[in-house]
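Below are the chains, spelled out letter by letter.
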Amino acid sequence: QQIQFADDMQEFTKFPTKTGRRSLSRSISQSSTDSYSSAASYTDSSDDEVSPREKQQTNSKGSSNFCVKNIKQAEFGRREIEIAEQDMSALISLRKRAQGEKPLAGAKIVGCTHITAQTAVLVETLCALGSQGYARAIPDPCIPMSRSRAVPRDAPVLPGVAVFAWKGESEDDFWWCIDRCVSVDGWQPNMILDDGGDLTHWVYKKYPSVFKKIRGIVEESVTGVHRLYQLSKAGKLCVPAMNVNDSVTKQKFDNLYCCRESILDGLKRTTDVMFGGKQVVVCGYGEVGKGCCAALKALGAIVYVTEIDPICALQACMDGFRVVKLSEVIRQVDVVITCTGNKNVVTREHLDRMKNSCIVCNMGHSNTEIDVTSLRTPELTWERVRSQVDHVIWPDGKRVVLLAEGRLLNLSCSTVPTFVLSITATTQALALIELYNAPEGRYKQDVYLLPKKMDEYVASLHLPSFDAHLTELTDDQAKYLGLNKNGPFKPNYY
């Protein structure tokens, strides 16, 4: 069965770049290794002290074109992938529907994202759809994947796919992994799948000739999208890019429902905290913040919200939350959660004023929301309590509980719901297919949004999991509303 969309020639809605958007102050030309990087610095004390970069490992086919913690865990990784596939039926359905057409035949995709079992299902789907990569002497399709931010477990091992990722990467390891995916003899990527903009930024700065030949970029995070708009505004974005983060199927599902469940999971696993009666401040009331606040409120926590956007602030007020400045409540709250996608949201001044045993964590995109660097000073003592949990001790004995060293709580300390990741992964796959197959001239050198028809198609693929049955418009009803009976049902600005 072929994939068909109504109005096949319809362009993605072009997102305005000159007005109506706030831009981050950080210039794209700054060093790619400064604090804006989303690489992790944490190393679990239980892990093997030998760096994977120093190990000589070979897979079952005799290839050493990868770098993971322990290739012997491949069988375990395969079982994890099989479990994930059970709750990613829509992505598997897309794989079955389109694999005969091979819409990604000839695509050479290099990616930088969270390496999990769910990501592995996406990668294997892209391979099944015809994407090609490098495997040196092995003629299998593959996608070089580096790692962005946190790896909950060791990277899944995928047959024929060059994976450079492991739990506990240092900053230097992170950029080394990215470079190994880009700088390959006899192989050059023509598509980028990114999460955070690190890969895009690295290729743009280090390999400009490669960047100019890229046919399209698919970016799924708010931070990475900001970077793309910065490039576009400066006139330096020489390839079309797809903003998956602001698609309905990412923003209103992954960001909201995923975080609504994983925030509690991460906090419970790391601290065993009881939420009833606890005072919590959530920085940011976007979709991530909304999910976190709803979950915490349901368990009886007293929740405050900080916001810069008056619209989001008004939403928080009408949802029953008090909107405050962080400085107004920092001395009294028991938990501080950041989810803005910005930098230095919680500063050293805030940390100094926190009460004893205050829990600090991040649910935003990168590891820059909490100024962890300012805590690495001689007068403060770091004490490892358990994996991903540190006590930062002040001279007077006050302790702040820092989770995952300020990186993403849900990916570092717990798991994320597989089903909602299927929605995002399916959207990413369709965005790659569209950009790769678009006729020359359809997309300019700019940033685009997904059309609502594609969002609705992604949603429809997931409805059978709930045995949901859509009501169909009659011809008279469709004429009355001015809609096509088959959609799209939402305007492009929704």
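The structure displayed is predicted, hence computed values, not measured ones. (Residues numbered from 1 in each chain as written. Predicted model: local features only at pLDDT ≥ 70, side-chain atom pairs only at ≥ 80, totals over all residues. Heavy atoms only, no water.)

Caption draft 1: Looking closely at the sheet that holds strand 9 (residues 335–338). Spatially, 8-7-6-9-10-13-12-11 is the arrangement adopted by the 8 strands of the open sheet, whose pairing is mixed. Because the sheet does not close on itself, it has two edges, and the strands there are strand 8 (322–323) and strand 11 (381–386). On the sheet, helix 8 (residues 248–271) packs against strand 9, strand 10 (358–362), strand 11, strand 12 (389–393) and strand 13 (399–403) and is oriented at approximately 125 degrees with respect to strand 13. (Pairing = 2+ DSSP bridges. Helix = DSSP H or I, 4+ residues; strand = E, 2+ residues; numbered from the N terminus. Contact = heavy atoms within 4.5 Å. Axes fitted to C-alpha atoms, helices over the stretch in contact; angles between N-to-C directions.)

Caption draft 2: Broad picture of the packing of helix 3 (residues 117–128) against helix 14 (residues 418–437). It is at 10 Å that the axes of helix 3 and helix 14 come closest, and there the two elements cross at 30 degrees. Taken together, helix 3 and helix 14 sit at an angle that is classed as roughly parallel. Judged by the twist between their axes, the crossing of helix 3 over helix 14 is right-handed. For the pair formed by helix 3 and helix 14, the contact residues are Gln-118, Leu-122 and Leu-126 on the first element and Thr-418, Leu-421, Ala-425, Gln-428, Ala-429 and Leu-432 on the second. Partitioned by chemical class, the residues of the contact of helix 3 with helix 14 number 6 nonpolar, 3 polar and no charged. (Parallel < 35°, antiparallel > 145°, perpendicular 65-115°, else oblique. Left-handed = near helix turned anticlockwise from the far one by under 90°. Nonpolar A, V, L, I, M, F, W, Y, C, P; charged D, E, K, R; others polar.)

Caption draft 3: Fine view of the nonpolar core. Formed by 46 residues in total, the largest nonpolar core has its most connected members in Leu-104, Ile-109, Leu-126 and Val-218. Every element with two or more residues in this core is listed here: helix 1 (74–86), helix 2 (89–98), helix 3, strand 3 (191–194), helix 14 and helix 15 (452–462). No other element matches helix 14, which puts 12 residues into this core. When residues no more than four places from it in sequence are discounted, the contact partners of Leu-104 are Ile-109, Leu-126, Leu-129, Gly-130, Ser-131, Leu-432, Ile-433 and Tyr-436. Formed by 32 residues, the second largest nonpolar core is a distinct cluster that contains Val-288, Ala-295, Val-389 and Val-401. (Core = buried A, V, L, I, M, F, W, Y, C linked by side-chain atoms within 4.5 Å. Buried < 20%, exposed > 50% of the residue type's maximum accessible area, 1.4 Å probe, protein only.)

Caption draft 4: Main features of the environment of Gly-106. Note on placement: Gly-106 falls in the loop between helix 2 and strand 1 (109–113). Considering only alpha carbons, one finds Gly-106 and Ser-131, 25 residues apart in sequence, at a separation of 5.9 Å.

Caption draft 5: Layout of the packing of aromatic side chains. Using the criterion set out here, one finds 9 aromatic pairs in the structure. Each residue in the set Phe-164, Trp-166 and Trp-176 is aromatic and connected to the rest through ring pairs, giving one cluster. Lys-297 extends its terminal NZ or CZ atom over the ring of Phe-321, reaching a point 5.1 Å from the ring centre. The ring of Trp-382 has Arg-376 sitting right over it, with the charged end atom 4.3 Å from the ring centre. (Phe/Tyr/Trp six-rings, centres within 6.5 Å; stacked < 30°, edge-to-face > 60°. Lys NZ or Arg CZ within 6 Å of the ring centre and 35° of its normal.)

Caption draft 6: Focus on the pairing of strand 9. The side-chain alternation of strand 9 yields two buried faces, one formed by Val-335 and Ile-337 and the other by Val-336 and Thr-338. As paired strands, strand 6 (residues 279–283) and strand 9 are joined by 4 bridges and run parallel to one another. Within strand 9, the residue paired with Cys-283 across the bridge is Thr-338. Handedness of the crossover joining strand 9 and strand 10 through helix 12 (residues 348–353) is recorded here as right-handed. (Right-handed = clockwise from strand over helix to strand, strands pointing away.)

Caption draft 7: View of the environment of Met-191. Among the structural elements, Met-191 can be located in strand 3. Judged by relative accessible area, which is 1%, Met-191 ranks as buried. Met-191 sits 22 residues away from Lys-213 along the chain, and the two C-alpha atoms are 8.9 Å apart. Every residue in contact with Met-191, bar those within four places of it in the chain, is listed here: Lys-108, Ile-109, Val-110, Ile-214, Arg-215, Gly-216, Leu-432, Leu-435 and Tyr-436.

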